[in-house]
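Each chain, written out:
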Amino acid sequence: MALSTDRLPEVGSAYARLEDKILERDQGGASDIFYDLVRAGVPIPQLVGQLVRIHAPYTHVPYHQRLDDGIVRFVNNDHCLLSSRAGIDLVPLMPPELRYLPFAQTIWYMPTGLDPWNQLIGKMPGHYVRLYEIKFEGKPPLPEVHWPDQAPLVIEGTWPEKLNTWLTLVQRGEVINAYRVFLGLWDEAAVDPAKRTPLLAQLVFAGLIDVQDRVLYNRSYTTGHKSYRARATVELARAVGWDQAHSILYAGVPDIAVGPRWYSTYEMACQVVQIFLDNRDHELRENDGALTPVESLALQQALLSGQEPGYIDLIVALLQSGRGLRQIIDTIQLASAQLIMETGDPNAYSMPQHSYEYCNTVRWFFDSFAHPHRLKLLFVAAAFVNRAAHHQKHTPDNHPVKVTPPKGSDALTPAQLLERLDSALDGLRAFEAMDWTAAYLRSGADRGALVQALAVGAAKAGNDPHNQELGICLLHDYGHSTAADRDRLLLASAKHTAGHRKYGSHLDAWRRYADAFGLARS
């Protein structure tokens, strides 16, 4: 549970000053205040709660696409929230002196992440101005609040009926009513905690079924972001304490109903279960069988090189043969990781990285909730990866790769191998980073040290810290994957951290943090 700032008045004042600096878009000033909070030893849950409180009103958009002068543009808006979740997950993997580093990246990004809607039309400075090279001069105005906070709304019905009513409001795009009803259900769950888990499961499920139905030559798509936002809402609310999570809910819940909404892929999954599995998904979701090497390879090839319904038929057959949901999603993850490894252009990571994060979120959902419709998500995840593979095949500079330990690497100590890896990550030498990771794996040295090195590399690379979340997804899945070739996840983590598109100087926040605390830096 988070500590109240009322008990630490000087810290409460620091949070107020931090909010001022963030709204002034002062990255350096906000970072300096953050360093003082670190020196004061503020608990990380309290820090996260305050960060989300500050940005929650200003990271919503009226709609997730714009149509300006006949051109469709995508409007994303949740990287502040996703960065905080990544920070929570990175902390256990950090050495003690770097445990606050992930949140330094969040602080550095937040002033640039406010009100992306107005950024895209040149009325607000920030990340999207940098992305689209829109010029802005003068003192920045206050960011706009597009969806004001709301009071809870109590509805009638049984608990399952109420959950379905909320999901229907989401599907209809009734943003305010859906948010108010969710707050009412949240209050009800506070009285009866047994209701909280089904409510949170329904929240994430609503995000997971909202995935675009094509990606090649598209610019407006969800790329699974609503599920990532919902997951962040769950994990951050748990971290700050359920009874102090209102700002987390405000940051995460309204967006689930914001359009456009895409349910056609989930509809396909429902039809597959009905037609080919006789609606037995409630029975088959208890499967726990492992895939054979031949089955794993066949599914990966169908995802990476085939077309529908090839991978659908294979997943149906696997389920009918008793193969488990986790074992199947772990294999789908391998195919998605392969796409990351084969990406060449730094600007071409979007589909591989998002299809991977979607698979990661589905695996987390399987481990976290006993939602009755969870099996259907296997087909949604597979469709996402297959479409990402089609996208990459028809996008220049993506190609199969051969990962080879550098010549002479077998003569180096494990520490020296990690030094070379760290240099390649910082230097954005993506293919070299994979090779050094392979060299470390070949050495047989402690895998924990490698995972930590990759986590630190992800935490150091900033300016859009949602990308840290992608690196950490691969590392977390490595820790529990049932796939025989799970080392591929470590190779893909190294490749992604060094290879994905960066904005500005990607080591700025890390170097400022290192200087503030007297740490050696590259």
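Residues numbered from 1 in each chain as written. Predicted model: local features only at pLDDT ≥ 70, side-chain atom pairs only at ≥ 80, totals over all residues. Heavy atoms only, no water.

Trainee: What is the right way to read the overall build of the chain from this model?
Mentor: When its secondary structure is counted, the chain shows 25 helices and two strands. Its C-alpha radius of gyration of 22 Å places the chain within 12% of the 24 Å reference for a compact globule of 522 residues. Each principal axis of the C-alpha atoms in the chain carries an extent, and together these give about 70 × 60 × 50 Å. Of the contacts formed within the chain by residues at least 6 apart in sequence, a portion of 78% connects residues at least 24 apart. Carbon together with sulfur atoms contributes 52% to the accessible area of the chain, which is approximately 19700 Å² in total. Here the chain contributes 50 positive and 58 negative side-chain charges, whose respective centroids are spaced 2 Å apart. (Helix = DSSP H or I, 4+ residues; strand = E, 2+ residues; numbered from the N terminus. Rg over C-alpha atoms; globule rule 2.2 N^0.38 Å. Contact = heavy atoms within 4.5 Å. Areas by Shrake-Rupley, 256 points an atom, 1.4 Å probe, with all protein chains shown as cover. Lys, Arg positive; Asp, Glu negative; His and termini not counted. Charge placed at Lys NZ, Arg CZ, Asp CG, Glu CD.)

Trainee: I'm lost on unusual backbone geometry in this one. Help?
Mentor: The omega torsion of the bond from Gly259 to Pro260 falls at -5°, within 30 degrees of zero and hence cis. Relative to the helices and strands, Pro260 is located in the loop between helix H12 (246–252) and helix H13 (264–276). With an omega of 5°, the peptide bond running from Glu308 to Pro309 counts as cis. Summarising the element assignment, Pro309 is placed in the loop between helix H15 (293–305) and helix H16 (310–320). Unusually for a residue other than glycine, Arg25 sits at a positive phi of about 65°.

Trainee: Explain the layout of surface pockets to me, please; I cannot follow it from the model alone.
Mentor: A probe matching the size of a water molecule, rolled over the atoms, marks out where space remains unfilled. Taken as a whole, the second largest pocket holds about 400 Å³ of empty space. In terms of lining residues, the second largest pocket is bounded by 17 residues, among which Leu98, Asp422, Val456, Lys460 and Trp510 are the most central. Breaking the lining of the second largest pocket down by element, the ones donating at least two residues are helix H20 (414–426) and helix H22 (447–460). The element that contributes the greatest number of residues to the lining of the second largest pocket is H22, accounting for five residues. In terms of residue class, the lining of the second largest pocket is made up of ten nonpolar, two polar and five charged. (1 Å grid on protein atoms, 1.4 Å probe; cavity = no way out; pocket = protein on both sides within 12 Å on 5 of 7 lines; lining within 4 Å. Points joined across faces, edges and corners; volume = space filled by probe spheres on them. Nonpolar A, V, L, I, M, F, W, Y, C, P; charged D, E, K, R; others polar.)

Trainee: Please explain the confidence of the model for the chain as it appears in this structure.
Mentor: Interpretation of the predicted coordinates at a detailed level should be avoided for regions scoring low in pLDDT. Of the residues in the chain, 96% reach a pLDDT of 70 or more, and the chain-wide mean stands at 93. Counted against residues more than four places away or in other chains, residues 1–9, with its pLDDT under 50, gives 16 contacts. (pLDDT = per-residue confidence, 0-100.)

Trainee: I would appreciate a short explanation of the packing of aromatic side chains in the present structure.
Mentor: A ring pair, where both rings are aromatic, is described by two values, the distance of the centres and the angle of the planes. Counted according to the given criterion, the structure contains twelve aromatic pairs. The rings of Phe34, Tyr35, Tyr513 and Phe517 are connected pair by pair, giving a single aromatic cluster. One cation-aromatic arrangement involves Arg196 over Trp186; the distance from NZ or CZ to the ring centre is 5.8 Å. (Phe/Tyr/Trp six-rings, centres within 6.5 Å; stacked < 30°, edge-to-face > 60°. Lys NZ or Arg CZ within 6 Å of the ring centre and 35° of its normal.)

Trainee: Could you clarify how one ought to interpret the packing of helix H18 (residues 350–368) against helix H19 (residues 377–393) in this entry?
Mentor: A pair of packed helices can be characterised by two numbers: the angle between their axes and the separation between those axes. The N-to-C vectors of H18 and H19 enclose an angle of 170°; their axes lie 9 Å apart at closest approach. Regarding the angle of H18 to H19, the classification is roughly antiparallel. Note that H18 runs across H19; the crossing there is left-handed. Contacts between H18 and H19 involve Met351, Pro352, His354, Ser355, Tyr358, Cys359, Val362, Phe365 and Phe366 on the former and, on the latter, Leu377, Leu378, Val380, Ala381, Phe384, Val385, Ala388, His391 and Gln392. When its residues are assigned to classes, the contact of H18 with H19 shows 14 nonpolar, four polar and no charged. (Axes fitted to C-alpha atoms, helices over the stretch in contact; angles between N-to-C directions. Parallel < 35°, antiparallel > 145°, perpendicular 65-115°, else oblique. Left-handed = near helix turned anticlockwise from the far one by under 90°.)

Trainee: Is there a simple way to think about the pairing of strand E2 (residues 71–74) in this case?
Mentor: In this structure, strand E1 (residues 65–68) lies alongside E2, joined through four bridges in antiparallel fashion. Of the residues in E2, the one forming a bridge with Asp68 is Ile71. In sequence, E1 turns back onto E2 through a hairpin of two residues, with Asp69 there showing a positive phi of about 55°. (Pairing = 2+ DSSP bridges.)

Trainee: Is there a simple way to think about the side chain of Gln202 in this case?
Mentor: By secondary structure assignment, the location of Gln202 is in helix H10 (residues 196–208). Dropping the residues within four chain positions of it, Gln202 is found in contact with Leu163, Asn164, Trp166, Leu167 and His371.

Trainee: When you look at the state of the cysteines in this model, what are you seeing that I'm missing?
Mentor: Simply put, the disulfide is a covalent bond whose two ends are the sulfur atoms of two cysteines. Enumeration over the complete set of coordinates arrives at zero disulfides. Of all cysteine sulfurs in the structure, the one in Cys359 sits closest to Cys270, which takes part in no disulfide; the separation is 18 Å. The exposure class of Cys270 is partly exposed, given its relative accessible area of 23%. Counting only cysteine sulfurs, Cys473 is the nearest neighbor of Cys359, a cysteine outside any disulfide, at a range of 10 Å. Under the relative-accessibility criterion, Cys359 is labelled buried at 0%. (Disulfide = S-S within 2.5 Å. Buried < 20%, exposed > 50% of the residue type's maximum accessible area, 1.4 Å probe, protein only.)

Trainee: Honestly, empty space enclosed by the protein in this entry has me stumped. Any pointers?
Mentor: Tallied over the entire structure, the rule returns two cavities of 30 Å³ or more. Taken together, Asn76, Asn77, Asp78, His79, Cys80, Tyr109, Gly113, Pro116, His127 and Tyr128 make up the full set of residues lining the second largest cavity. Counting only elements with at least two residues in the lining of the second largest cavity, the list comes to helix H4 (79–90) and helix H7 (127–132). Residue classes in the lining of the second largest cavity are distributed as four nonpolar, five polar and one charged.

Trainee: How should I be thinking about the nonpolar core in this particular structure?
Mentor: The tendency in soluble globular proteins is for nonpolar side chains to be buried side by side. Within the largest apolar cluster, 166 residues are counted, with the highest numbers of intra-cluster contacts made by Trp166 and Phe379. By residue number, the principal contributor to this core is H19, which donates eleven residues. Once you skip the residues sitting within four places of it in the chain, Phe379 turns out to touch Met268, Ala269, Val272, Val273, Leu277, Tyr311, Ile312, Ile315, Val316 and Leu319. The next biggest cluster of nonpolar side chains, apart from the first, holds five residues, and it includes Val61, Trp117, Leu120 and Tyr128. (Core = buried A, V, L, I, M, F, W, Y, C linked by side-chain atoms within 4.5 Å.)

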